[in-house]
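# Examination of the molecular architecture
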Amino acid sequence: MKDLLITIDGPAGAGKTTVSKILAVRLGYRYIDTGALYRGVAFEVISSGLNPDDDQGIEKLCSSMDIKLVPGENGMRLLSNHSDITDKIRTPEITMLASAVSAKPVVRKYLLIFQRNIGKGKRVVFEGRDMGTVVFPDADIKFYLDASLKTRALRRYREIASKTVQTLEDVGKDIRHRDKNDSTRVLAPLKPAKDAVIIDSTDLSVEAVVDHMKLYVEKVILI
Ligand code: DC
């Protein structure tokens, strides 16, 4: 059976995390959430008191950062300088800062090498924004998962409703803002790779999306 490297890109709230995790489990592959890496950098920018506009400071920070993704009981854990920051990187502040720092060449360069190293052994599902376009242009299978803005905002709101004071409108505004940042930046903007399989999940259940992906993967494995 062929060992594959699979990428799943798409905007915030399209359901990438949920389906990537399930697909990886069904295939017996590792799952890598690359957004967590950008969030990790954002977390360290705040923790070290750096001004987000201080590109030189962020460059220095990246060269001294030690981040690791390690398997935990409930999925992958993000370690930074040996401390587990997994539960600290999902705040609205980190979410917006991750989008901002992800536009910086120095941050993308640092994480590009990091991600390519993880991908060497294949048998991985990578979730992100530029996995199929920039990080792994030769990936065996590329998916691009999308959904309407309204659906994405509602899904994200339901996910975080118990942990946030944000209203549905706030969440929608943040997603629109991030869509704009992530898709209009000069470096590695969010867009489907030319050879990506595009799936619109607006009216599809999680199971339907995963089944569709799994069928596609099985066809490729058999070729
Ligand atoms: O997937 P996420 O919401 O955790 O990602 C947080 C931010 O990180 C997102 O707004 C853009 C950035 N990101 C990126 O630029 N490239 C990736 N491959 C993954 C995330």
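Conventions we followed
- Residues numbered from 1 in each chain as written.
- Predicted model: local features only at pLDDT ≥ 70, side-chain atom pairs only at ≥ 80, totals over all residues.
- Heavy atoms only, no water.
- Core = buried A, V, L, I, M, F, W, Y, C linked by side-chain atoms within 4.5 Å.
- Buried < 20%, exposed > 50% of the residue type's maximum accessible area, 1.4 Å probe, protein only.
- Helix = DSSP H or I, 4+ residues; strand = E, 2+ residues; numbered from the N terminus.
- Contact = heavy atoms within 4.5 Å.
- Phe/Tyr/Trp six-rings, centres within 6.5 Å; stacked < 30°, edge-to-face > 60°.

### Points about the nonpolar core
With 34 residues, the main nonpolar core has Val41, Val101, Val107, Leu111 and Phe126 as its most contacted residues. Elements with a minimum of two residues in this core: helix H2 (34-47), helix H3 (55-64), strand E3 (67-72), helix H4 (92-101), helix H5 (105-119), strand E6 (124-128) and helix H6 (131-135). At seven residues, H2 tops the list of elements feeding residues into this core. Residues contacting phenylalanine 126, with those up to four places away along its chain left out, are Leu5, Ile6, Thr7, Ile8, Ile32, Thr34, Gln115, Ile118, Gly119, Met131 and Phe136. Membership of the second largest hydrophobic core comes to 22 residues, among which are Leu4, Val197, Val220 and Ile221.

### Observations regarding the packing of aromatic side chains
Where two aromatic rings form a pair, the distance of their centres and the angle of their planes describe that pair. Applying the stated criterion to the full structure yields two aromatic pairs. With a centroid separation of 4.5 Å and an interplanar angle of 40°, the aromatic rings of phenylalanine 126 and phenylalanine 136 are classed as tilted. With a gap of 10 residues between them, phenylalanine 126 in strand E6 and phenylalanine 136 in the loop between H6 and strand E7 (141-146) connect regions that are remote in the sequence. Here phenylalanine 126 and phenylalanine 136 have matching classes, each one buried.

Function cannot be read off these values alone, since they describe shape.
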